[in-house]
Amino acid sequence: MDRIRIPDAEYAERAQRAGQLMTERGLDVLILNGNEADYANSRYFTGFWPVFERAGAAIAPDGAAALLCGPESGLYAQDFGKVDNVFAMLEYRESADPAYPHMTLPGFKDVFASIGVATDQKLRIGVASVLDTNVVIWKALEEAFPGSELVDAREIMVALRSVKSENEIACLREATRITQIATDDVIAKIRPGMTELQLVGLAQASIYANGAEYEGLPMYCFSQQSTKHAISRSSYREIKKGDIVQLNLSAAIDGYSPSIGMPVSVGPLVGEKRDIVEFILEMHMWTERELAAGKNSGSIAQAYEDRFKELGREAAYVYGPCHGLGLTEVEAPWMETISTYDLVERMTFQIDTFGIGSDFGVRWEKPCVIREGGIEMLSDQIGTIHEIDC
């Protein structure tokens, strides 16, 4: 079956590029870790997405790589992973903490030896996903290589993942196409009396029917009070006439997970709600016009924040204006007032414009690619204010 995905050869190319960055930093080996929820760094090199257990990758300066998984995932990793060199390890077990006394499992010395890294000397071990590396894995590395230095190497992954290949952009574009279908499907069926979770069910059915691998994030179908949550989960809360319903839906293709977000009014949109919805939309469109290769990220973020203040809208400000997009819906780099990097072609972002009113929140959000002179929108333009006739 033909489908849009990352070609197998691209995984090896990524490891080669990582090896070059390791050499520049004097690292002997690079370790990346992840789990079912935060799989991006390890999946970037291996194509493998764990269930229950952890997963990881080890990479040598010459680009040789190993896929690391839990004791129960060896055959799964061999079947689905893009790296043939697979190690099922106790350190990557699930949180139920089984001991597997019937199994003899390899350790990090075996892993490093398999990719040509010396195991009889002190090493500089780069840990490129510090936030996803648990104490068990960290201690196992220290015990296997006493006297070696574990180095925070997270910047390597930011450097590798910030600028996308055209294959990655194709995955994002296809995932966005599916997300748009789901968004239209849900809006057409919103009615008072439904629960937020019923809307989630509609969204899930739509993305899978149209080719998604999985949900790109827990589907946001929030109503009224919940719309103030920057991050949250949909619930059994019943949608009422007069509510704002906030949709942020996302389909994943080969892990790439853009989202589309917009408010929907259950009934006419009036008063403060219309005022805030229209203002946040205005700020969303302002942000879109500011994005182009060569622009400074911190300057855009500062001007965005200043604009809220200049227009007397400080109370509506939560954050913004953009965050990185790729193998997860939110990835580095964020665009913040302290950011120093310049935008370059093929960086991908979510334009994420979020604000709040007295008892509700509003988010307009869409994915884009930085290009020379502006952006390529991955979705159709958003901005229609939907008012459900009820």
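Here the structure is a predicted model, which is why all the values come from computation and not from measurement.

Draft legend 1. Highlighting the pattern of salt bridges. Inspection of the entire model under this criterion finds 25 salt bridges. Across the pair Arg43 and Asp254 runs a salt bridge whose closest N-O atoms are separated by 3.9 Å. Remark: Asp254 occurs in the loop between strand E10 (251-252) and strand E11 (260-266) and Arg43 occurs in helix H2 (residues 40-46); sequence separation between them is 211 residues. By relative accessible area, Arg43 is classed as buried at 6%. Classification of Asp254 as buried rests on a relative accessible area of 11%. The closest approach of N and O atoms between Arg274 and Glu278, which form a salt bridge, is 2.9 Å. Linking Arg274 with Glu278, this pair stays in helix H9 (residues 271-290), spanning four residues, or about one helical turn. The partly exposed category is assigned to Arg274, whose relative accessible area is 26%. The exposure class of Glu278 is partly exposed, given its relative accessible area of 38%. Residues joined by salt bridges that share partners form a network here, namely Glu166, Arg173, Arg371 and Glu376.

Draft legend 2. Local environment of the packing of aromatic side chains. Under the counting rule described, the total for this entry stands at 16 aromatic pairs. Aromatic side chains Tyr44 and Phe45 sit 5.1 Å apart centroid to centroid with 90 degrees between the ring planes, which places their arrangement in the edge-to-face category. For the pair formed by Tyr44 and Phe45, the shared burial category is buried. Plain terms: the ring middles of Trp286 and Tyr304 are 6.2 Å apart, the flat faces sit at 45 degrees to each other, and that makes the pair tilted. With a gap of 18 residues between them, Trp286 in helix H9 and Tyr304 in helix H10 (residues 297-310) connect regions that are remote in the sequence. Considered together, Trp286 and Tyr304 belong to a single accessibility category, that of buried residues. Here a set of aromatic residues connected by ring pairs shows up, and it is made of Phe279, Trp286, Tyr304, Phe308 and Tyr317. Geometry around Tyr39 places Arg43 over its ring, the cationic atom sitting 5.4 Å from the centre.

Draft legend 3. Layout of unusual backbone geometry. Following Gly320, the chain continues to Pro321 via a peptide bond in cis, the omega torsion being 10 degrees. Tracing the chain through its elements places Pro321 in the loop between strand E12 (317-319) and strand E13 (322-324). Cis geometry is found at the peptide bond from Ala332 to Pro333, where omega equals 0 degrees. One can find Pro333 in strand E14 (residues 331-335). One non-glycine residue, Asp97, lies in the positive phi region at around 65 degrees. Position of Asp97 relative to the elements: it lies in the loop between strand E4 (86-88) and helix H4 (108-114). Despite not being glycine, Tyr100 shows a phi value in the positive range, around 50 degrees. Among the residues examined, Tyr100 registers a relative accessible area of 9% and is labelled buried.

Draft legend 4. Layout of H10. Taking 1.5 Å of rise per residue, the 14 residues of H10 would be expected to cover 20 Å, and the 20 Å separating its terminal C-alpha atoms lies within 8% of that figure. Among the residues of H10, Ser297, Gly298, Ile300, Ala301, Tyr304, Glu305 and Phe308 are the ones counted as buried. Residues of H10 that are buried sit in contact with H9, E12, E14 and strand E15 (348-356). Of the residues that open H10, the one with a side-chain oxygen 3.1 Å from the backbone nitrogen of Gly298 is Asn296. One or two steps after H10, the chain reaches Gly312, where phi turns positive at roughly 70 degrees.

Draft legend 5. Layout of empty space enclosed by the protein. Per the stated rule, a full pass over the model turns up one cavity of 30 Å³ or more. Of the volumes computed, that of the largest cavity is approximately 30 Å³. What lines the largest cavity is simply Ile244, Pro263, Val264, Ser265, Leu269, Val277, Ile385 and His386. Residues of the lining of the largest cavity, tallied by class, amount to six nonpolar, two polar and no charged.

Draft legend 6. Looking closely at the layout of surface pockets. Volume-wise, the largest pocket comes out at about 1,300 Å³. As for the largest pocket, its lining consists of 41 residues, and the residues nearest its centre are Ala37, Asp38, Thr328, Glu329 and Val330. Only H2, helix H6 (154-162), strand E7 (214-215), E14 and strand E16 (361-371) provide two or more residues apiece to the lining of the largest pocket. Ranked by the residues each element gives to the lining of the largest pocket, the list is headed by H6, at four residues. Here the lining of the largest pocket is composed, by residue class, of 21 nonpolar, eight polar and 12 charged. Quantified by volume, the second largest pocket comes out at close to 440 Å³. What lines the second largest pocket is a set of 19 residues, and nearest its centre among them are Arg3, Arg43, Glu213, Ile253 and Asp254. Residues belonging to the lining of the second largest pocket are distributed by class as follows: nine nonpolar, two polar and eight charged.

Draft legend 7. Geometry of the environment of Val186. For Val186, the location among the structural elements is in helix H7 (residues 166-189). The spatial distance from the C-alpha of Val186 to the C-alpha of Ile276 is 23 Å, given a sequence separation of 90 residues. With residues up to four places along the chain from it excluded, the contact list for Val186 reads Leu199, Leu202, Ala203, Leu247 and Leu249.

Draft legend 8. Structural view of the sheet that holds strand E2 (residues 55-59). Reading across from one edge, E4-E3-E2-E1-E5-E6 is the order of the six strands in this open sheet, with mixed pairing throughout. Bordering the open sheet on either side are E4 and strand E6 (149-152), each of which pairs with just one other strand. Neighbouring strand axes in the sheet, compared pairwise and without regard to direction, differ in orientation by 25 degrees on average. Contacts between helix H5 (residues 135-144) and the sheet are confined to strand E1 (29-34), strand E5 (124-127) and E6, with E6 contributing the most and set at about 140 degrees to the helix.

Quick notes on the rules
Residues numbered from 1 in each chain as written. Predicted model: local features only at pLDDT ≥ 70, side-chain atom pairs only at ≥ 80, totals over all residues. Heavy atoms only, no water. Salt bridge = Lys/Arg side-chain N within 4 Å of Asp/Glu carboxyl O. Helix = DSSP H or I, 4+ residues; strand = E, 2+ residues; numbered from the N terminus. Buried < 20%, exposed > 50% of the residue type's maximum accessible area, 1.4 Å probe, protein only. Phe/Tyr/Trp six-rings, centres within 6.5 Å; stacked < 30°, edge-to-face > 60°. Lys NZ or Arg CZ within 6 Å of the ring centre and 35° of its normal. Expected span 1.5 Å × (residues − 1). Contact = heavy atoms within 4.5 Å. Polar contact = N/O pair within 3.5 Å; in protein donor to acceptor, adjacent residues only side chain to side chain. 1 Å grid on protein atoms, 1.4 Å probe; cavity = no way out; pocket = protein on both sides within 12 Å on 5 of 7 lines; lining within 4 Å. Points joined across faces, edges and corners; volume = space filled by probe spheres on them. Nonpolar A, V, L, I, M, F, W, Y, C, P; charged D, E, K, R; others polar. Pairing = 2+ DSSP bridges. Axes fitted to C-alpha atoms, helices over the stretch in contact; angles between N-to-C directions.

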